[in-house]
Amino acid sequence: MKRWRLHPAADALLSAAVVGDVLAGIGTPHLAASCLAAMHRVMPVTFCTVFGVDATGRIETVSAASSYGHTAERTAERYVAQRFDRLDPHMAWLAARKLPKRAQLWMGHQHGDEVADPAYRAACYGDVGIRERSSVLLLRPSGQRVAVSFYRSLAQPEFGETDFGVIAAHATLLADAASAHSRSAAAVHEAAAPTLASRLLTLSLREREVIGQLMAGRTAKETARVLGVELSTVRTHQYRAFRRLGIRTQKELLRGAMPAAVTAS
């Protein structure tokens, strides 16, 4: 088992398709499925789970998806019902850390045989044929803990340095999507006005692709090059998307969609 701090590069070039897949899951019951589909574009994985726990220890985000059937969903139900988050080495480690002044992002890797509790080990690894997981771990100043985890089965190769690098490159996107999802779910629960994250769901596929590139920090010109379209086309989709989102500038998009973004400290 190991963990290490991530300091994502601001200029990391992300695939528009991957960004679009992840954004499509925010505010829906299918966030993990969207993250799983995104990772399938760049590496083999079997399960994806997204868990969020607030500062009081209340589980506020749960999403799971499998490459086959509903195994991950059933496993996540057992995880929550038996409060395995209290035994989960990554979540317990985050809970024990001093709250940071800025959001911190970590990578965690764990094999099933490293889980001490036999019930937890059986439910989440042995009984479902999972060997290991790699997780993007987020700790916010508010005390919120988030884990976006990808699992490999016994039939797949072990995670290696290349795989860790791929996940790390997408870590900020994944962590911010999970946090935005939590805020969106809380807003719905409290009958508050829809967040910008949930309004992303009203956009067309092409508008989401453009917005995804802008959220990754790219200019309209860079977005046009990445998507292989004319700059005027990007400007049109950007204008329509901004109108639907109720914003006027890219700065507002970055500030409103992902407040308290992950930064190195």
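Everything below is about the structure shown above.
Keep in mind the model is a prediction, meaning the values are calculated, not measured.

Could you clarify how one ought to interpret the overall build of the protein in this entry?
If you tally the helices and strands in the protein, you get twelve helices and six strands. Looking at the protein as a whole, 52% of its 265 residues qualify as buried. Pairs at least 24 residues apart make up 66% of the contacts formed inside the protein by residues separated by at least 6 positions. Accessible area for the protein stands at about 12,100 Å²; split by element, carbon and sulfur atoms hold 55% of it.

Looking at this model, I keep getting lost on helix H9 (residues 205-215). Mind explaining?
Every α-helix winds through 3.6 residues per turn, so residues three or four apart in the chain are directed the same way. By the criterion of burial, H9 is predominantly enclosed, with nine of the eleven residues buried. Turning to H9, its buried residues are Glu207, Arg208, Glu209, Val210, Ile211, Gly212, Gln213, Leu214 and Met215. Of the residues flanking the end of H9, it is Gly217, one or two places downstream, whose phi is positive at about 95°.

Explain the pairing of strand E5 (residues 130-139) to me, please; I cannot follow it from the model alone.
Within a regular beta strand, the side chains point alternately toward one face of the sheet and then the other, so they alternate between its two faces. Burial of E5 is extensive: ten of the ten residues sit out of reach of the surface. As defined by bridge partners, strand E4 (residues 104-111) adjoins E5 across eight bridges and the pair is classed as antiparallel. Considered in E5, the bridge of His111 is made with Glu132. Pairing of E5 with strand E6 (residues 145-153) involves nine bridges; the strand directions are antiparallel. In the sheet register, Arg133 faces E6, and the bridge partner there is Tyr151. Turn length for the E5-E6 hairpin, with the two strands adjacent in sequence and antiparallel, is five residues, and the turn residue Gly143 shows positive phi of about 95°.

In this structure, what is going on with the sheet that holds E5? I would like to understand it.
By way of backbone hydrogen bonds, the strands of a sheet pair with one another, either parallel or antiparallel. Taking strand neighbours across the sheet as the criterion, the six strands line up as E1-E4-E5-E6-E2-E3 in an open arrangement whose pairing is antiparallel. Two strands bound the open sheet, and with one partner strand each, they are strand E1 (2-5) and strand E3 (59-66). With strand direction ignored, the average angle separating the axes of adjacent strands in the sheet is 15°. As judged from the four bridges shared by E1 and E4, these two strands associate in the antiparallel manner. Note on E4: the bridge partner recorded for Trp4 is Met107. Sheet contacts for helix H2 (residues 31-40): strand E2 (47-53), E3 and E6; angle to E3, the most-contacted strand, approximately 45°.

Just to check I follow, could you spell out the environment of Asp21 for this structure?
Tracing the sequence through the fold places Asp21 in helix H1 (residues 16-24). Its relative accessible area of 17% is what places Asp21 among the buried residues. For Asp21, the contacting residues outside a window of four places in its chain are Ser34, Ala37, Ala38 and Arg41.

Would you explain unusual backbone geometry in this entry?
Excluding glycine, residues mostly have negative phi values, and the peptide bonds linking residues are mostly trans. Non-glycine residue Arg83 carries a positive phi angle of around 50°. Considering the arrangement of structural elements, one finds Arg83 in the loop between helix H3 (71-81) and helix H4 (89-96).

Hey, could you run me through the pattern of salt bridges in this one?
All chains considered together, the criterion is met by ten salt bridges. A salt bridge links Arg83 to Asp85, with the nearest nitrogen and oxygen atoms 2.7 Å apart. A salt bridge links Glu132 to Arg131; the shortest N-O distance between them is 3.4 Å. The class of Glu132 is buried, set by a relative accessible area of 0%. Take Arg131: its relative accessible area is 17%, and that puts it in the buried class.

How should the environment of Thr46 be read in this particular structure?
One can find Thr46 in the loop between H2 and E2. Each C-alpha atom, one on Thr46 and one on Arg152, is 5.2 Å from the other, the two residues being 106 residues apart in sequence. Aside from chain neighbours lying at most four places away, what touches Thr46 is Leu36, Ala65, Ser66, Ser67, Tyr68, Ile130, Tyr151, Arg152, Ser153 and Gln156. Of the polar contacts made by the side chain of Thr46, one reaches the side chain of Gln156; its length is 2.6 Å.

Could you clarify how one ought to interpret the packing of aromatic side chains in this entry?
The geometry of two aromatic rings is summed up by the distance between their centres and the angle between their planes. Within this structure, the stated rule accounts for ten aromatic pairs. Measuring from ring centre to ring centre gives 5.2 Å for Trp4 and Phe164, while their planes differ by 75°; the resulting arrangement is edge-to-face. Taken together, the residues span a long stretch of sequence, with Trp4 in strand E1 and Phe164 in helix H6 (residues 161-169) at a distance of 160 residues. On the numbers, 6.3 Å between centres and 25° between planes, the contact of Phe159 with Phe164 is stacked. Just as Phe159 is buried, Phe164 falls in that class too. By way of ring pairs, the aromatic residues Phe47, Tyr68, Tyr125 and Tyr151 are connected into one cluster. Positioned over the ring face of Trp106 is Arg5, at 5.6 Å from the centre of the ring.

Reading the values: the criteria
Residues numbered from 1 in each chain as written. Predicted model: local features only at pLDDT ≥ 70, side-chain atom pairs only at ≥ 80, totals over all residues. Heavy atoms only, no water. Helix = DSSP H or I, 4+ residues; strand = E, 2+ residues; numbered from the N terminus. Buried < 20%, exposed > 50% of the residue type's maximum accessible area, 1.4 Å probe, protein only. Contact = heavy atoms within 4.5 Å. Areas by Shrake-Rupley, 256 points an atom, 1.4 Å probe, with all protein chains shown as cover. Pairing = 2+ DSSP bridges. Axes fitted to C-alpha atoms, helices over the stretch in contact; angles between N-to-C directions. Salt bridge = Lys/Arg side-chain N within 4 Å of Asp/Glu carboxyl O. Polar contact = N/O pair within 3.5 Å; in protein donor to acceptor, adjacent residues only side chain to side chain. Phe/Tyr/Trp six-rings, centres within 6.5 Å; stacked < 30°, edge-to-face > 60°. Lys NZ or Arg CZ within 6 Å of the ring centre and 35° of its normal.

Honestly, it's all geometry; don't read function into it.
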